[in-house]
Structures are given as structure tokens and as C-alpha cells.
Amino acid sequence: MPDTDSESLAKRSREVGARPLNGIERVQDLRQNRVFMPIRLLCALALLLLAQAVSAEDIPDSVLKAGDASITIQYSTKVSDDFRKLVEGWIRDAADAVITVYRRYPVERVTIEVRVSNGGRVGGGMTFDGRLIKVRVGSETTREAFRSDWVMTHEMFHLGFPDTDRTANWIGEGLSTYMEPLARARAGQLSAEEVWGSMIDGFPKGLPAAGDEGLDHTPTWGRTYWGGALFWLLADIEIRRQTNGRKSLDDALRAIVAEGGTGSSHWPEAKIFRRADAAIGKPILEKLDERLGAPGED
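Conventions adopted
- Residues numbered from 1 in each chain as written.
- Predicted model: local features only at pLDDT ≥ 70, side-chain atom pairs only at ≥ 80, totals over all residues.
- Heavy atoms only, no water.
- Helix = DSSP H or I, 4+ residues; strand = E, 2+ residues; numbered from the N terminus.
- Contact = heavy atoms within 4.5 Å.
- Core = buried A, V, L, I, M, F, W, Y, C linked by side-chain atoms within 4.5 Å.
- Buried < 20%, exposed > 50% of the residue type's maximum accessible area, 1.4 Å probe, protein only.
- Polar contact = N/O pair within 3.5 Å; in protein donor to acceptor, adjacent residues only side chain to side chain.
- Pairing = 2+ DSSP bridges.
- Axes fitted to C-alpha atoms, helices over the stretch in contact; angles between N-to-C directions.
- Phe/Tyr/Trp six-rings, centres within 6.5 Å; stacked < 30°, edge-to-face > 60°.
- Lys NZ or Arg CZ within 6 Å of the ring centre and 35° of its normal.

When its secondary structure is counted, the protein shows eleven helices and five strands. Contacts spanning at least 24 positions in sequence make up 60% of the contacts within the protein whose residues lie at least 6 apart.

What follows is the structure in C-alpha cells.
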């Protein structure tokens with residue numbers, strides 16, 4: 001790497017003619033370079049950030065309506081109109097699926113940040129505070145890939161369910177895992193065969209292994225997602241059985257949202273099950289939690 005300070009001194013020497021810089025001038029010159037170099041770097045960084053801000057302003061948002069709710073879609077980079085339409089259709093389908101359960105969109109407004117990356121698939125997603133969903137999407141994702149994807153519907157179910165303690169992550173993740181294919185089937189996006197095929201493949205991954213300490217104390221991937229989904233399957237079956245088909249898990253979920261239990265709230269698991277059982281009129285979920293959540297605890 002060139003010695004910037006040495007080059008500056010040489011240039012200064014040439015500028016003043018044959019007279020070389022004396023010791024004091026050399027020190028002053030070095031100090032000037034060391035002061036102004038950081039300033040130049042800060043100016044360059046400021047210009048870069050400004051350029052990025054201007055670029056972001058040039059990327060228009062998409063705004064969709066889901067009943068009375070508003071969904072704002074933001075993109076990390078400029079995309080083609082065709083890609084934008086594919087993303088909008090994918091998000092609209094997910095919203096339609098969720099509405100089949102809640103009879104409305106579970107929150108009034110949400111922002112979805114689409115982080116465009118390389119590739120042809122939908123990557124991971126995450127929901128924040130019941131108001132924001134971030135998801136990675138490959139720029140080459142096709143219509144067929146969007147139609148077969150489950151991520152957006154899964155994340156939207158998190159919007160309509162309370163945040164919980166870390167030991168109870170299985171409740172929300174299991175609910176989204178269980179309800180996502182059912183809701184998509186109700187919206188005409190999946191066949192019954194596809195729904196049961198995915199569940200038959202997934203449910204065994206959630207079964208307890210030797211040494212399992214219940215869903216609250218066995219935070220493995222399989223137990224969190226598919227073990228939680230098994231819990232909600234059993235709850236749904238028992239609700240329908242004990243009410244002679246008059247009620248289902250849908251009634252419990254709508255009651256939770258009606259009381260403000262969305263992703264922007266934090267509820268202990270006991271409150272979730274108590275409110276759900278009140279909507280059903282029977283202590284079904286509380287008893288099921290005693291059996292599967294933390295068996296053996298008083």
C-alpha cells in the first residue's frame with residue numbers, strides 16, 4: 001500500500017521548489033493529513049448513505065387491502081412489474097387463507113419487508129411485534145414456487161396470536177404449523193390430499209423421544225413446530241367432539257384476537273388457554289396443556 005503521508009510530503013516539497021520542508025513543517029503536514037483523512041472518510045460515508053436513502057425513496061411500496069386491513073409491501077431493491085405482481089398475488093393468497101379462520105384480517109395494518117436475493121425460492125420469514133413481517137425472496141421465484149410456498153401464511157398466523165414466554169414458543173409455532181395448510185385448503189389453494197400428505201409427513205417429527213420433558217421443556221425443532229402442531233390437532237378434535245361439532249379451534253382463535261391477543265401483545269400460556277376454553281365453554285386446552293406441556297408439574 002502506498003505511503004500516503006510520504007507522498008504528501010514529497011508533493012509539498014516539489015510545490016515549495018528546491019527548499020525541502022523543515023522539521024516543524026513536516027510535523028504540521030503530518031498532523032494535517034491525520035486530521036483531514038478521517039473527515040474525508042466520513043464525508044464519503046455520508047454520501048454513500050445519502051445515495052442509499054435516495055435509492056430507497058425511488059422504490060415504490062405496494063399497498064393491498066385485506067378486508068378493512070391495509071398491507072404495505074416494501075422491497076429491498078428495485079424489481080420488475082412482473083415480479084411485483086407475483087409477490088402481491090402470493091401475499092394476497094396468504095391473507096385470503098388467514099381470513100377463512102378469523103373471518104377478517106387479524107390486525108388493522110402490517111408492513112411486509114421483501115428482501116430480494118438471488119435464487120428461485122422463498123427463504124425464511126419472521127414476524128415482529130404483530131406489525132412487521134420480514135421475508136427473503138429469490139428474484140427468480142416463479143409463479144408455481146409462490147403458489148406452493150407456505151411461509152407467508154405461516155407468518156401471518158403469528159400476527160393474530162400473542163407472543164409468549166420462551167418456554168412456550170411451541171404454542172405459537174405449533175399453531176401456525178397446524179393452521180397454515182388447513183387455511184390454504186379452505187381458500188382453495190391446496191387439496192385435501194396435499195394437506196394430509198404434509199401432516200402425515202410432519203407429525204412424526206413432533207413425537208416425544210426418550211427423555212422428553214414435555215413441550216415446555218423440550219425446545220427442539222421437531223417438538224416446537226410439529227409437537228406444537230400435534231397439540232393443536234388434538235385440541236381441535238377434542239373441541240369438535242365435546243361440542244358435537246358446534247365449535248372448533250377457529251372459535252377459540254377468534255376469541256383470543258377479540259380480546260387483543262395479537263402478535264403485539266404478550267400473554268402467558270395460562271391466559272391463552274383460559275381464554276380459549278372460555279370461548280368453547282369447556283376446559284379442554286387447559287387440561288391438554290397439563291398432559292403435554294409440562295407433564296408431572298404440580
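There is more to say, and it comes next.
Moving on, we come to the nonpolar core. Counting 70 residues, the largest nonpolar core has Ile71, Ile91, Tyr105, Met156, Tyr178 and Trp232 as the members making the most contacts within it. Non-local contacts of isoleucine 71, meaning those with residues more than four positions away in its chain, are made with Ser62, Val63, Leu64, Ala66, Ile91, Ala95, Tyr105, Val110, Ile112 and Met156.

Along the polypeptide, threonine 224 turns up in helix α8 (residues 221-242). Taking the relative accessible area as the measure of exposure, threonine 224 reaches 12% and is therefore buried. Considered as a pair, threonine 224 and isoleucine 171 are 53 residues apart in the sequence and their alpha carbons are 7.8 Å apart. The residues touching threonine 224, leaving out its near neighbours within four places in the chain, are Asn169, Trp170, Glu173, Gly174 and Pro219. Among the polar contacts made by the side chain of threonine 224, one reaches the main-chain carbonyl oxygen of threonine 220 at a distance of 2.7 Å.

This brings us to the environment of arginine 166. Following the sequence through the fold, arginine 166 ends up in the loop between α5 (151-159) and α6 (169-186). The sequence separation of arginine 166 and proline 219 amounts to 53 residues, and the corresponding C-alpha distance is 9.1 Å.

We now examine the sheet that holds strand β1 (residues 62-66). The strand order across the open sheet formed by five strands is β1-β2-β3-β5-β4, and the pairing between neighbours is mixed. The open sheet has two edge strands with one neighbour each: β1 and β4 (122-128). Along the sheet, successive strands turn relative to each other by an average axial angle of 20°, direction set aside. With five bridges joining them, β1 and strand β2 (residues 69-75) adopt antiparallel strand pairing. Counted as the bridge partner of alanine 66 is alanine 69 from β2. Where α5 meets the sheet, its contacts fall on β2, β3 (109-117), β4 and β5 (132-138), and the angle it forms with β4 comes to roughly 5°.

With that out of the way, let us pick up the packing of aromatic side chains. Per the counting criterion, the structure on display carries eleven aromatic pairs. Between tryptophan 170 and phenylalanine 231, the aromatic rings sit 5.0 Å apart at their centres with planes inclined by 70°, giving edge-to-face as the arrangement. Placement of the pair is tryptophan 170 in helix α6 and phenylalanine 231 in helix α8, with a sequence separation of 61 residues. Taken together, the aromatic side chains of Phe161, Trp170, Phe231, Trp232 and Phe273 make up a single cluster linked through ring pairs. Seen from the ring of phenylalanine 128, lysine 134 lies directly overhead, with NZ or CZ sitting 5.2 Å from the centre.

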